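Read off the chains here:
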Amino acid sequence: SGGKGAAQDAEKLLSKMHMLHESGDPDVKPNVVTYGAVIDAYAKSLERGAAARADNILANMIKLHQSDPIKNADLRPNTYVFNTVINAWAKSKEHDAASK
């Protein structure tokens, strides 16, 4: 929706997708596009801490991919995802954003 809390709602859906997939539903496996959408929602959010949350989601994505690069091949971050996190930090009002 783009409103207040939209990024958090997107992240909740991502978590729900993980739970459903881990429960045996092969049709709801999160991938780079899913993660990119959630990260983008945080990047567009003007809420405090949004850039850090986007960065944490990227870190989790990398961790999942590295834990099993074959099984999680579709979680390999791409240029779009990295650029979106960079943009989130650039737009943030955090005092240490430039060092990220």
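Bear in mind that the values here come from a model prediction, so they are computed numbers and not experimental data.

1. Some points on the side chain of serine 45
Relative to the helices and strands, serine 45 resides in the loop between α2 (32-44) and α3 (50-67). By relative accessible area, which is 17% here, serine 45 ends up buried. Among the polar contacts made by the side chain of serine 45, one reaches the main-chain amide nitrogen of glutamate 47 at a distance of 3.0 Å.

2. Here we look at the environment of asparagine 83
Note on placement: asparagine 83 falls in helix α4 (residues 79-91). Overall, asparagine 83 belongs to the partly exposed group, its relative accessible area being 39%. Separated by 62 residues in the primary sequence, asparagine 83 and histidine 21 have C-alpha atoms spaced 27 Å apart.

3. Things to note about the side chain of threonine 34
Take threonine 34: it is sitting in helix α2. Classification of threonine 34 by relative accessible area gives buried; the value is 17%. Residues within four places of threonine 34 in sequence aside, it is in contact with Leu14 and Met17.

Parameters at a glance
- Counting of residues starts from 1 at the beginning of each chain's written sequence and follows it residue by residue.
- Given that the model is predicted, a residue must reach a pLDDT of at least 70 before its local features are reported, and side-chain atom pairs must reach 80 or more before they are shown or counted; all residues, however, enter totals for whole chains, interfaces and linings.
- Processing note: side-chain calculations cover all non-hydrogen atoms of the structure and skip hydrogens and water entirely.
- Starting at the N terminus, helices and strands are each numbered in turn, a helix being any DSSP run of H or I of at least four residues and a strand any DSSP run of E of at least two.
- Here's how the labels work: a residue is buried when its accessible area is under 20% of the maximum for its type, exposed when over 50%, partly exposed in between, all with a 1.4 Å probe on protein chains only.
- Any N or O atom pair separated by 3.5 Å or less is treated as a polar contact, with the protein-specific requirement of one donor-capable and one acceptor-capable atom, and with residues adjacent in sequence counted only for side-chain atom pairs.
- Residue contacts are counted whenever heavy atoms from the two residues lie within 4.5 Å of one another.

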